[in-house]
Amino acid sequence: MGTITDYYACLGLPLTATSEDVRNAYRQVARRVHPDRFVSNEEDRQFAVSLFTEWVAPAYRVLSTDTVRLQFDRKYRDTVGSQVSLGLPRHFLIERLQNATSPGVLRQIYEQEVQNIFATLYTDLQQATAQVELLSVLNRAYIVIQLIAPWQKRATPALRPVGDRYITHARQLLEQNKIADAFSYLRASESQITDRAEYHYLLGLCYLRRGTPTVARTEFLTAQQYNPQHAGISTELKHLLLDRTDASSKWWQPILGALKRMVNGTAVRDLAVTRSNRS
């Protein structure tokens, strides 16, 4: 399957699979390769154990955890993207993908073909390796066609919803007060987020709630450079400025009080009383 194991292919999934799709596919595949199904054939039984431990279980561990899946997706897409110049193998399924007239049609054809293969995946162990290989080829073809398709030359804004998805999830984590999770999620998905102002703004909120206002201020200022009209950024910077002003005024209050007492003679009288008491 190339230089990186395609965990989507191992579970019979398209790259567009949801978290629920991952769970459902794993449950079905785990039943299909369960060793108890092959008690009458020791060779098949051992092969089923190998498929589960080397492909199915590791694939589920990676794809069922959002942050780990994001890291895998980035590495997988980078690997495939670096091999675009090698072209695609000749196969009638890939030709169907190449004939798609829009991103929506491409996705529809791609997901349908993956679903067709998944219907019989691991039901015949002798075909398992070939089927997983074919799924991996389809997954790579889907990425490559997205990169080189004619509509991509005029569809740069279409990338924004991907970034928006990550932004939305990070906001949800912050609303649930899961600061550490939000911070890790933002860091892991940094390269996928196109809205740089929102990225640095949310990162600033994470730092602020972790008790590091100085670093938070740096992130807010960076975000402001990307979007000077962002109301949330301006509000947080004002709050930080007020907090610093309040802290400064509190620090100076004892000194100002002492100076006033000196001017009014209170400090001198207090000093005289103190010396009198000592003598």
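Please read these numbers as outputs of a predicted model, since none were measured by experiment.

### Observations concerning the nonpolar core
Point 1. Formed by 48 residues in total, the largest nonpolar core has its most connected members in Leu13, Leu63, Phe72, Leu97 and Tyr122.
Point 2. Considering every element that reaches this core, the biggest residue donor is helix H7 (residues 125–148), with 11 residues.
Point 3. Apart from the residues lying within four places of it in its own chain, the contact partners of Leu13 are Tyr8, Asp21, Val22, Ala25, Leu63, Val114 and Asn139.

### Some details on the packing of aromatic side chains
Point 1. Taken as a whole, this structure holds nine aromatic pairs when the rule is applied.
Point 2. Note on Tyr26 and Tyr60: the rings are 4.1 Å apart at their centroids and 20° apart in plane angle, and the pair reads as stacked. Taken together, the residues Tyr26 in helix H2 (residues 19–32) and Tyr60 in helix H3 (residues 42–63) connect sequence positions 34 residues apart.
Point 3. On the basis of relative accessibility, which here comes to 24%, the residue Tyr60 falls in the partly exposed class.
Point 4. By way of ring pairs, the aromatic residues Tyr7, Tyr8, Phe72 and Tyr76 are connected into one cluster.
Point 5. The ring of Phe118 is capped by Arg32, whose NZ or CZ atom sits 4.8 Å from the centre of that ring.
Point 6. The ring of Phe183 is capped by Arg210, whose NZ or CZ atom sits 4.3 Å from the centre of that ring.

### Re the confidence of the model for the protein
Point 1. With 80% of its residues at a pLDDT of 70 or more, the protein shows a mean pLDDT of 82.
Point 2. Across residues 271–275, confidence stays below pLDDT 50; counting only partners more than four residues off in sequence or on other chains, it has zero contacts.

### A closer look at the side chain of Asp44
Point 1. Among the secondary structure elements, Asp44 is positioned in helix H3.
Point 2. Buried Asp44, no salt bridge; nearest opposite-charge side chain is Arg37, N-O distance 8.8 Å.
Point 3. Those residues in contact with Asp44 that sit more than four places away from it in its chain are Phe38, Leu125 and Gln126.

### Some details on helix H10 (residues 196–209)
Point 1. End to end, H10 covers 20 Å across 14 residues, agreeing with the expected 20 Å (1.5 Å per residue, within 8%).
Point 2. Ala197, Glu198, Tyr199, His200, Tyr201, Leu202, Leu203, Gly204, Leu205, Cys206 and Tyr207 are the residues of H10 that are buried.

### Regarding the side chain of Ser189
Point 1. Mapped onto the elements, Ser189 comes out in the loop between helix H9 (179–188) and H10.
Point 2. Here Ser189 falls in the buried class, since its relative accessible area comes to 0%.
Point 3. Looking at Ser189, its side chain comes within polar contact range of the main-chain oxygen of Tyr185, at 2.7 Å.
Point 4. Setting aside residues up to four positions removed in sequence, Ser189 forms contacts with Leu70 and Tyr166.

### Re the pattern of salt bridges
Point 1. Overall, the coordinates contain eight salt bridges when judged by the stated rule.
Point 2. Two residues, Asp73 and Arg69, come together in a salt bridge whose shortest N-O distance is 4.0 Å. With Asp73 and Arg69 both in helix H4 (residues 66–81) and four residues apart, this pair spans about one turn of that helix.
Point 3. With a closest N to O distance of 2.2 Å, Arg96 and Glu113 form a salt bridge. Highlighted residues: Arg96 in helix H5 (residues 92–98) and Glu113 in helix H6 (residues 103–118), separated in sequence by 17 residues.
Point 4. The exposure class of Glu113 is buried, given its relative accessible area of 8%.

### Considering unusual backbone geometry
Point 1. Of note in the backbone geometry, Tyr122 takes a positive phi value of approximately 70° without being a glycine.
Point 2. Inspection of the secondary structure puts Tyr122 in the loop between H6 and H7.
Point 3. Judged by relative accessible area, which is 0%, Tyr122 ranks as buried.
Point 4. Backbone geometry at Asn177 places phi at a positive 65°, although glycine is not the residue there.
Point 5. Looking at the secondary structure, you find Asn177 in the loop between helix H8 (160–175) and H9.
Point 6. By relative accessible area, Asn177 is classed as exposed at 56%.

Criteria and cut-off values
- Residues numbered from 1 in each chain as written.
- Predicted model: local features only at pLDDT ≥ 70, side-chain atom pairs only at ≥ 80, totals over all residues.
- Heavy atoms only, no water.
- Core = buried A, V, L, I, M, F, W, Y, C linked by side-chain atoms within 4.5 Å.
- Buried < 20%, exposed > 50% of the residue type's maximum accessible area, 1.4 Å probe, protein only.
- Helix = DSSP H or I, 4+ residues; strand = E, 2+ residues; numbered from the N terminus.
- Contact = heavy atoms within 4.5 Å.
- Phe/Tyr/Trp six-rings, centres within 6.5 Å; stacked < 30°, edge-to-face > 60°.
- Lys NZ or Arg CZ within 6 Å of the ring centre and 35° of its normal.
- pLDDT = per-residue confidence, 0-100.
- Lys, Arg positive; Asp, Glu negative; His and termini not counted.
- Salt bridge = Lys/Arg side-chain N within 4 Å of Asp/Glu carboxyl O.
- Expected span 1.5 Å × (residues − 1).
- Polar contact = N/O pair within 3.5 Å; in protein donor to acceptor, adjacent residues only side chain to side chain.

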